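Each chain, letter by letter, is given below.
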Amino acid sequence: MQHTDITIVGAGSAGLTLALLLAPLDLSITLIEQGPEPELTEPDFQRVSALNLASQRLLQQLHVWPGLSAHAAAYQHMSVWQADSFGRIDFSAAEQQLPALGWICDNEQIRQQLYQQVKGCHNVRCLFNSCIKKLTQSEREVVLQLSNDDLIFSRLLVAADGANSFIREQQKMPLLHWDYQHHAIVATLACDEAHQATARQVFWPDGPLALLPLADPQRVSIVWSVPPERAEQLLALSPEAFAQAVTAASQSVLGQLQLCSERRRIPLRMRYATEWVQQRIVLVADAAHSIHPLAGQGMNLGLMDVAALAELIANQLEAGQSIDQPQMLQQYQRWRKSEAQSLILAMEAFKRGFSGGLPLPKFLRAVGMNALNKQPALKQKMMALALGNAGDLPKRVQLSASAASEFAAPSA
Ligand SMILES: Cc1cc2nc3c(=O)[nH]c(=O)nc-3n(C[C@H](O)[C@H](O)[C@H](O)COP(=O)(O)OP(=O)(O)OC[C@H]3O[C@@H](n4cnc5c(N)ncnc54)[C@H](O)[C@@H]3O)c2cc1C
């Protein structure tokens, strides 16, 4: 039997980051993960995420960035275009007066580097290969019974156990969800022409293809979102025919491509928990929301959830208040729900706005994209939000006031 202040379920990017954020506080933390302890390995770039500037600032503060940046690829440019029209929009770090627009990182490396820091925290107890058998909640605590029959009593339980959250389901926390009617195919490809540190996304009527630059100037990671039956066909192709299909879908922007990894398929669903707090249980990151990867924002959003929760918990302790105070948990819920809702709506608008091949909507989309491309001030505002340089951010990741005002002044 064990008593702990906060139990975090799930050692993904969100759970590990939260453990690190809470570690400096006067709290005991238990982290429970069903999988094995992450070991340092060379990245294989099977799954990658585009981290924005706010996430990078957070990982920098947590001393995770130096290890991670060794294999991360900074991208300086972003090009988005419509495959079958003249619509196009380009962004560049130089135009935004920034060192980079973001970084492409290997997902497993993110976990490994986070865990390297968590390992050194004396007040964080990590239980790997641990399954939860039973969860009960009383007015005073949450009790977890593990599969080895150990009991853990906590004042607060944070569910960071991913999109299919066991905790959310066990507690019957209501979930709004729909199928995006897309499966994402992810793979690594070698390209004839250097990617020039540019993240590219081409919109076809049936879904977008993203080409994300890796540290090797002639390798990209793709996320190709297509209807399920098309995904089936693409996976049935030989490696050569698949590479040919990606080359055609990318309009040969990087020349001929060659497949150099397995292909993985991930069905895409929107999930949004309508309640993020139930007494002493709190949902964060993918356990609370999962969105279409077309704007590469899911992990960034989750990292901001945990930074927000850690900030509110730290404020409570500083004010001599309890970490399980309902008002504080409600404040977290209000704050982060509103950020998640905005992104869910934006993803839906993007997905619907770019799908379909009818001539008039296609023409209007193209005109709109080109008009936006010629509006530096508007582009800068859009980018500031996507990069995590604007919005209702946790304090520790906000740009300093001077940097923010510099950022707000668009170059002519
Ligand atoms: C194709 C694709 C591309 C994406 N690209 C981007 C991108 O470019 N940028 C971006 O920001 N986001 C991106 N995302 C989103 C991003 O991958 C997720 O938002 C992020 O990985 C979620 O992290 P998490 O820690 O919440 O959940 P997870 O990474 O799913 O971690 C959950 C952890 O909980 C553990 N767990 C689960 N159940 C239990 C249990 N019962 N007990 C104990 N442990 C448990 C799991 O083993 C796992 O370790 C993409 C998503 C997809 C599908």
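Residues numbered from 1 in each chain as written. Predicted model: local features only at pLDDT ≥ 70, side-chain atom pairs only at ≥ 80, totals over all residues. Heavy atoms only, no water.

## Quick word on the overall build of the chain
So, point 1. On a plain count of helices and strands, the chain comes out with 12 helices and 20 strands.
So, point 2. The globule rule puts the C-alpha radius of gyration for 412 residues at 22 Å, and the 22 Å found for the chain is close to it.
So, point 3. Taking the principal axes of the C-alpha coordinates as reference, the chain spans close to 60 × 50 × 40 Å.
So, point 4. Here the chain holds 412 residues, and the buried ones make up 55% of them.
So, point 5. Partitioning the intrachain contacts of the chain with sequence separation of at least 6 by distance along the chain shows that 74% fall at a separation of at least 24.
So, point 6. Of the accessible surface of the chain, which amounts to about 17700 Å², a share of 53% is contributed by carbon and sulfur atoms. (Helix = DSSP H or I, 4+ residues; strand = E, 2+ residues; numbered from the N terminus. Rg over C-alpha atoms; globule rule 2.2 N^0.38 Å. Buried < 20%, exposed > 50% of the residue type's maximum accessible area, 1.4 Å probe, protein only. Contact = heavy atoms within 4.5 Å. Areas by Shrake-Rupley, 256 points an atom, 1.4 Å probe, with all protein chains shown as cover.)

## What to know about the domain arrangement of the chain
So, point 1. Taken domain by domain, the chain consists of domain 1 (2-73 + 106-176 + 269-408) and domain 2 (182-268).
So, point 2. Using C-alpha coordinates to define each centre, domain 1 is positioned 27 Å away from domain 2.
So, point 3. Taken together, the 17 residues of domain 1 in the interface contact 21 residues of domain 2.
So, point 4. A combined buried area of about 1500 Å² lies between domain 1 and domain 2, and 64% of that area is made up of carbon and sulfur atoms.
So, point 5. One can count zero salt bridges joining domain 1 with domain 2.
So, point 6. Summed over the shared surface of domain 1 and domain 2, the result is four residue pairs in polar contact (both at pLDDT 80 or more). (Domains from an automatic or database assignment. Buried area = accessible area lost by both parts, 1.4 Å probe. Salt bridge = Lys/Arg side-chain N within 4 Å of Asp/Glu carboxyl O. Polar contact = N/O pair within 3.5 Å; in protein donor to acceptor, adjacent residues only side chain to side chain.)

## Thoughts on the nonpolar core
The tendency in soluble globular proteins is for nonpolar side chains to be buried as a group.
So, point 1. Counting residues in each nonpolar core, the largest one holds 112 residues, and the members touching the most others are Ile6, Ile8, Leu22, Leu51, Trp276 and Ile313.
So, point 2. Of all the elements, helix H8 (residues 298-318) adds the most residues to this core, at 11 residues.
So, point 3. When residues of this core are sorted by domain, at least three fall in each of domain 1 (2-73 + 106-176 + 269-408) and domain 2 (182-268).
So, point 4. Ranked by size, the runner-up nonpolar core spans 22 residues in total, among them Cys191, Leu234, Phe242 and Val246. (Core = buried A, V, L, I, M, F, W, Y, C linked by side-chain atoms within 4.5 Å.)

## What about the site of the ligand?
So, point 1. Inspection of the region around the ligand gives 29 residues, with Glu33, Ala50, Asp286, Gly296 and Met299 positioned closest.
So, point 2. The separation between a nitrogen atom of the ligand and a polar main-chain atom of Gly298 is 3.3 Å.
So, point 3. The contact in question runs from an oxygen atom of the ligand to an N or O atom on the backbone of Asn300, over 3.0 Å.
So, point 4. Protein chains shield 83% of the accessible area of the ligand, which is 1000 Å² for the free molecule.
So, point 5. Secondary structure elements with two or more residues in the shell around the ligand: helix H1 (13-22), strand S3 (48-51), strand S12 (175-191) and H8.
So, point 6. Its residues assigned to classes, the shell around the ligand shows 15 nonpolar, 10 polar and four charged.
So, point 7. Two domains each donate at least three residues to the shell around the ligand, and these are domain 1 (2-73 + 106-176 + 269-408) and domain 2 (182-268). (Near = heavy atom within 4 Å. Nonpolar A, V, L, I, M, F, W, Y, C, P; charged D, E, K, R; others polar.)

## What about the packing of aromatic side chains?
Each pair of aromatic rings is reported with the distance of its centres and the angle of its planes.
So, point 1. By the definition in use, this model includes five aromatic pairs.
So, point 2. Centre to centre, the rings of Trp65 and Trp103 are 5.2 Å apart; their planes meet at 80 degrees, and the pair counts as edge-to-face. Of this pair, Trp65 sits in helix H3 (residues 65-69) while Trp103 sits in strand S7 (residues 102-106), and the two are 38 residues apart along the sequence. The same class applies to Trp65 and to Trp103, which are both buried.
So, point 3. Geometrically, the ring pair formed by Tyr115 and Phe128 is edge-to-face, given 5.2 Å between the ring centres and 85 degrees between the ring planes. (Phe/Tyr/Trp six-rings, centres within 6.5 Å; stacked < 30°, edge-to-face > 60°.)

## Describing the environment of Met270
So, point 1. Examined against the element boundaries, Met270 turns out to sit in strand S17 (residues 264-273).
So, point 2. Separated by 20 residues in the primary sequence, Met270 and Ser290 place their C-alpha atoms 5.4 Å from one another.
So, point 3. With sequence-adjacent residues up to four places away left out, Met270 is seen in contact with Leu176, His177, Trp178, Tyr180, Ser290 and Ile344.

## Thoughts on the sheet that holds S3
So, point 1. One open sheet holds the three strands; their spatial order is S3-S7-S4, and the pairing between them is antiparallel. Of all strands in the sheet, those bounded by a partner on one side alone are S3 and strand S4 (73-75). In this sheet, neighbouring strand axes are inclined to one another by 25 degrees on average, regardless of whether the strands run parallel or antiparallel.
So, point 2. Alignment of S3 against S7, held across four bridges, turns out to be antiparallel. Across the sheet, the residue bridging to Ser49 is Cys105, located in S7.
So, point 3. Lying over the sheet, helix H4 (residues 107-118) contacts S3 and S7, oriented at roughly 85 degrees with respect to S7. (Pairing = 2+ DSSP bridges. Axes fitted to C-alpha atoms, helices over the stretch in contact; angles between N-to-C directions.)

## A look at the pairing of strand S1 (residues 2-9)
So, point 1. A large share of S1 lies buried, amounting to seven of its eight residues.
So, point 2. Relative to strand S2 (residues 29-32), S1 runs parallel, the two being bridged by four bridges. Bridged to Val9 within S2 is Ile32.
So, point 3. For the crossover from S1 across H1 to S2, the handedness is right-handed. (Right-handed = clockwise from strand over helix to strand, strands pointing away.)

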